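Below are the chains, spelled out letter by letter.
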Amino acid sequence: MEPKVYLKDISEIKNLMNKSSRFISLSGLSGVMAGIYALIGAAYAYWLVSNSKHEYLILDGTIFTLVLLDLFLVALFSIITAVILTTRKAKKNGSKIWDASSKRLLINFLIPLVSGGLYILIILGNQKYGQTGALMLIFYGLALINASKYSIGDIRYLGIIEIILGLIAALLPGYGFWFWVLGFGIMHIVYGTWMHFKYDKN
């Protein structure tokens, strides 16, 4: 056999091993929708706080509860949309939605995310609000980077961007909300659109 044939065979084997060890059915459109949900949720939260008599959050206040509910709904709709669109893409590609690779992806994504979420709840309980947006961005970025080892490697770059935005937000705590909007809203839309045209379009 010629060297070119050997190289072709090796490349095909490498691709098969990569597909078997990584969950590659993530939908770019789910990222776009997550960004849209984040922008809608941010707009509602901004309206709530701007129209309150205090114009800031109180931990045991109604506005704070509504903002937490707002964040929960943004996350819930994002997860539901991601599951629906990713399942549709997996079926289209003839791959399984729930296998060893998707389990590894989920576990490695949730470890930093849940740890960060618990830490944020702890500091909120201590009435330290200033770094919440920055911490959300940083831990989310770490979760993306950790999960990228078991999925499309490009999400690592989104994770890096989220961490950088989080660190800048930590330096400028008065602008944490706007960095949150940029990271979870605009960057999801931009990155999801790019991923859609790179991976989803045939």
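Scroll up a little and you will see the structure.
The structure reproduced in this document is the subject of the present report. (Residues numbered from 1 in each chain as written. Predicted model: local features only at pLDDT ≥ 70, side-chain atom pairs only at ≥ 80, totals over all residues. Heavy atoms only, no water.)

### Topic: the pattern of salt bridges
Under the criterion given, the structure shown has 1 salt bridge. A salt bridge links Lys198 to Asp154; the shortest N-O distance between them is 2.7 Å. With Lys198 in helix 7 (residues 176–200) and Asp154 in the loop between helix 5 (132–147) and helix 6 (155–171), the pair connects residues that are 44 residues apart, well separated along the chain. (Salt bridge = Lys/Arg side-chain N within 4 Å of Asp/Glu carboxyl O. Helix = DSSP H or I, 4+ residues; strand = E, 2+ residues; numbered from the N terminus.)

### Overview of the packing of helix 5 against helix 6
As a packed pair, helix 5 and helix 6 sit with axes 7 Å apart at the nearest point and diverge in direction by 160°. Between helix 5 and helix 6, the crossing angle belongs to the class labelled roughly antiparallel. You can see that helix 5 and helix 6 cross each other, and the crossing is left-handed. Contacts from Ala134, Leu137, Ile138, Tyr140, Gly141, Leu142, Leu144, Ile145 and Ala147 of helix 5 reach helix 6 at Ile155, Arg156, Leu158, Gly159, Ile160, Glu162, Ile163, Leu165, Gly166, Leu167, Ala169 and Ala170. A class-by-class count of the residues in the contact of helix 5 with helix 6 yields 16 nonpolar, 3 polar and 2 charged. (Axes fitted to C-alpha atoms, helices over the stretch in contact; angles between N-to-C directions. Parallel < 35°, antiparallel > 145°, perpendicular 65-115°, else oblique. Left-handed = near helix turned anticlockwise from the far one by under 90°. Contact = heavy atoms within 4.5 Å. Nonpolar A, V, L, I, M, F, W, Y, C, P; charged D, E, K, R; others polar.)

### Here we look at the nonpolar core
One broad trend across soluble globular proteins is that nonpolar side chains are buried collectively. In this structure, Trp180 and Phe184 are the most contacted members of the largest nonpolar core, which totals 21 residues. For this core, the secondary-structure elements that each account for two or more residues are helix 2 (28–50), helix 5, helix 6 and helix 7. Among the elements that line this core, the one with the most residues is helix 7, at 7 residues. In contact with Phe184, not counting residues within four places along its chain, are Ala34, Gly35, Ala38, Met136, Leu137, Tyr140 and Glu162. Ranked by size, the runner-up nonpolar core spans 5 residues in total, among them Phe64, Ile120, Ile123 and Leu135. (Core = buried A, V, L, I, M, F, W, Y, C linked by side-chain atoms within 4.5 Å. Buried < 20%, exposed > 50% of the residue type's maximum accessible area, 1.4 Å probe, protein only.)

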